[in-house]
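Structural overview
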Amino acid sequence: MSVELQRPPMAVFHFPGIHPGMSYLAPRPGWVLRQVEGAAVRLFAESDEPTVRDMQRSAIERQERRLLTTVMEINASPVVLENAQFRNAFGMIDGRIWLNGAAGNRMRNKFDQQNTEEWRQGRLVSAFRRGRKEAALPLPVWKDRAADLPVAIELKNGFNYYHFTTETLGCLASFVQDDGDQPINLHLPQDNLRGFLTGFIEAVFPRSAPRVRFVSSACRYDRVRALYSHQHYLYQVEDPRVQAAVNQPGVDPRWNTLRSEAPYRKAVAMASYDSSLRLLREHALRRVPRKLVEKMPRLVWMGRDEGGAARLRGLSGQARLMAGLGERGFHCVAFEHLSPLEQIAQMQAADILVAPHGAAWPI
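These numbers were taken from a predicted model, which means no experiment stands behind them.

What follows deals with the overall build of the protein. The number of helices and strands found in the protein is 13 helices and 14 strands. Its C-alpha radius of gyration of 22 Å places the protein within 12% of the 21 Å reference for a compact globule of 363 residues. Viewed in the frame of its principal axes, the protein has a C-alpha envelope of about 65 × 50 × 45 Å. Counting only residues that meet the buried cut, the protein has 45% of its 363 residues in that class. The contacts in the protein between residues at least 6 apart in sequence include a share of 83% that link residues at least 24 apart. Accessible surface for the protein amounts to roughly 19,000 Å². Of this, 51% is attributable to carbon and sulfur atoms.

This is the structure in structure tokens:
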């Protein structure tokens, strides 16, 4: 069953505070957005070809101008959804698309691709403006017992390391204290699982691992628990908690221009992270023995076993690069030969890590 994305936006998307069907698990979160310390990021480019180098440097300058100078953590909170459906790695409430985190971003992108006309985009902007103006706050809190409800979490697919670790794995952290026996369903489009998914779940969340199920068929729930990232909430609701956060002294004033259009969402995405990622890091490091970290190399080239399942990268000049790195004390580490906890320990131990860009980057 396909989703008709050319309907009016209020009929396509679920708007918190206007449409029913989503309630926080108690207690209601006290914050939505908060300032955190960010990393120092320096971008640079080099090339043997002057024309290519100039193009790269121009692109970097444009990117640096777009970067917000204040980094924010976005709260991801447990909720209960009513009359919900999960399929193809996204959720719906009462037939409306639930704008939740990365899954919501993908559905927004699909909507934009099918609604390119100016009047359709204008209608979308008006819908978000209406949502901010008319949302009834605070959002409700679920008052009944929730431990007997299953959990549903979106999973883009069963083979992409990046999307699994950054979007899905950390969501389990919000349910580790749950003493119930209800399944934790990871909803993905196809049953195309790679072994590293279960390996990381068992390593980082051993207590929850026996309850995790991978579900590739559409599934309806009268009531279900889920984890709600407030990424899209920033544009959908005029929440005083958000305004208080962006009006703090020293915050980049561009945080005051939160809008739903793609360039604004991209700028926010580059200067923020969900609290589920922080919780994932905390849980993962608690599972790693200090002795394991201490024995790992501190200067690392992230290699690949291209004789296995990994795609050939075809990196030209790699032999010279490896020779130069070796002279400087770097060790070549193929992460696919490490256990999940060893991978985490290696990343924690590394002072410098050099790697070709790709979806196999570790957490």
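Its place among the elements puts Ser276 in helix H10 (residues 275-286). Residues within four places of Ser276 in sequence aside, it is in contact with Ala76, Gly170, Cys171 and Leu227.

Moving on: unusual backbone geometry. Backbone torsion omega between Ala26 and Pro27 reads 0°, so that peptide bond is classified as cis. Tracing the backbone through its elements, the reader meets Pro27 in the loop between strand E1 (22-24) and strand E2 (33-36). At Ala89, a position not held by glycine, the phi torsion is positive, near 70°. Take Ala89: it is sitting in the loop between strand E4 (76-87) and strand E5 (90-93).

The next point concerns the pattern of salt bridges. Applying the stated criterion across every chain yields a total of 16 salt bridges. A salt bridge links Arg145 to Asp148; the shortest N-O distance between them is 2.9 Å. Classification of Asp148 by relative accessible area gives partly exposed; the value is 47%. The shortest N-O distance in the salt bridge between Asp239 and Arg241 comes to 2.7 Å. Look at Asp239 and you get buried, because its relative accessible area is 4%. What makes Arg241 partly exposed here is its relative accessible area of 22%. Salt bridges sharing common partners tie together Arg34, Glu73, Arg278 and Glu282.

Reading the values: the criteria
Residues numbered from 1 in each chain as written. Predicted model: local features only at pLDDT ≥ 70, side-chain atom pairs only at ≥ 80, totals over all residues. Heavy atoms only, no water. Helix = DSSP H or I, 4+ residues; strand = E, 2+ residues; numbered from the N terminus. Rg over C-alpha atoms; globule rule 2.2 N^0.38 Å. Buried < 20%, exposed > 50% of the residue type's maximum accessible area, 1.4 Å probe, protein only. Contact = heavy atoms within 4.5 Å. Areas by Shrake-Rupley, 256 points an atom, 1.4 Å probe, with all protein chains shown as cover. Salt bridge = Lys/Arg side-chain N within 4 Å of Asp/Glu carboxyl O.

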